[in-house]
Amino acid sequence: MLDKTFNPTLSSAHRLKQVVLGSLLVSGLSLGATVAFAQQYAQVGDYQIHYSAISTDFLSPEVAQAYGIQRSVGLGLVNVSVLEEQEDGSTVPVSANIDGSVGELSGSDEETMQFRTVRENDTINQISTFTLRHDEPMRFALDVRYDRNAEPETISFVERFYIER
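Below: a short report on this structure.

Thresholds applied
Residues numbered from 1 in each chain as written. Predicted model: local features only at pLDDT ≥ 70, side-chain atom pairs only at ≥ 80, totals over all residues. Heavy atoms only, no water. Helix = DSSP H or I, 4+ residues; strand = E, 2+ residues; numbered from the N terminus. Buried < 20%, exposed > 50% of the residue type's maximum accessible area, 1.4 Å probe, protein only. Contact = heavy atoms within 4.5 Å. Salt bridge = Lys/Arg side-chain N within 4 Å of Asp/Glu carboxyl O. Core = buried A, V, L, I, M, F, W, Y, C linked by side-chain atoms within 4.5 Å.

**With respect to the environment of Gly 76**
Moving on, step 1. In this fold, Gly 76 is placed in strand S4 (residues 75–85).
Moving on, step 2. Accessibility expressed as a relative area gives 0% for Gly 76, which makes it buried.
Moving on, step 3. Once the C-alpha coordinates of Gly 76 and Asp 57 are considered, the two residues, 19 residues apart in sequence, prove to be 8.1 Å apart.
Moving on, step 4. Non-local contacts of Gly 76, meaning those with residues more than four positions away in its chain, are made with Ile 54, Ser 55, Thr 56, Ser 128, Thr 129, Phe 130 and Leu 132.

**Here we look at the pattern of salt bridges**
Moving on, step 1. Counting across every chain of the model gives four salt bridges.
Moving on, step 2. Residue Arg 71 pairs with Asp 57 through a salt bridge whose shortest N-O separation is 3.7 Å. With Arg 71 in the loop between helix H3 (61–66) and S4 and Asp 57 in the loop between strand S3 (47–55) and H3, this pair connects stretches of sequence that are 14 residues apart.
Moving on, step 3. The exposure class of Asp 57 is partly exposed, given its relative accessible area of 35%.
Moving on, step 4. Arg 133 is the salt-bridge partner of Asp 109, the closest N and O atoms lying 3.3 Å from each other. Remark: Arg 133 occurs in the loop between strand S9 (123–131) and strand S10 (137–145) and Asp 109 occurs in the loop between strand S6 (97–104) and strand S7 (111–113); sequence separation between them is 24 residues.

**Section: the nonpolar core**
Moving on, step 1. One finds Val 78, Val 80, Phe 130, Phe 140, Leu 142, Val 144 and Tyr 146 to be the most contacted residues of the largest nonpolar core, which totals 26 residues.
Moving on, step 2. Of all elements in the fold, only strand S2 (41–44), S3, S4, S6, S10 and strand S11 (153–160) reach the threshold of two or more residues within this core.
Moving on, step 3. Among the nonpolar cores identified, the runner-up in size contains nine residues, and Val 63, Leu 77, Val 118 and Ile 127 belong to it.

Purely geometric numbers; function is a separate question.
This is the structure in structure tokens:
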């Protein structure tokens with residue numbers, strides 16, 4: 001089983017950088033100071049697979065426009081990035097292919113996600129949008145292939161979203 005680690009000691013700016021299109025902050029764009037993001041990642045050997053899901057409504061209009069993401073209270077965004085740990089303790093981004101789906105906990109009404117790559121400065125992110133369901137646990141299943149010579153790593157997590165109307 002994967003070690004899914006939450007690290008509450010990271011600053012908000014660092015969490016935003018790692019979790020939600022981190023390189024956008026470098027270019028001066030902000031997702032909003034009132035949003036708190038939890039650091040979610042799986043450690044697999046020398047690789048860290050970081051993942052998150054948010055409402056696209058949290059994106060600033062500038063970020064959404066720059067990356068062709070529709071802002072909507074009914075639309076979510078999944079972001080995945082893979083980092084390889086180096087011998088000196090640093091990490092480097094790794095290209096990855098992601099196949100994924102999102103649906104109800106029961107497994108019914110599943111939506112296939114289409115991921116695309118976003119590269120900015122020294123980051124590589126895989127992003128996909130999905131339809132939010134109000135106050136309903138949503139199960140995400142991601143197959144992350146960061147090494148073409150190995151089987152993909154399966155990441156599963158559950159998030160609940162509240163849509164403000």
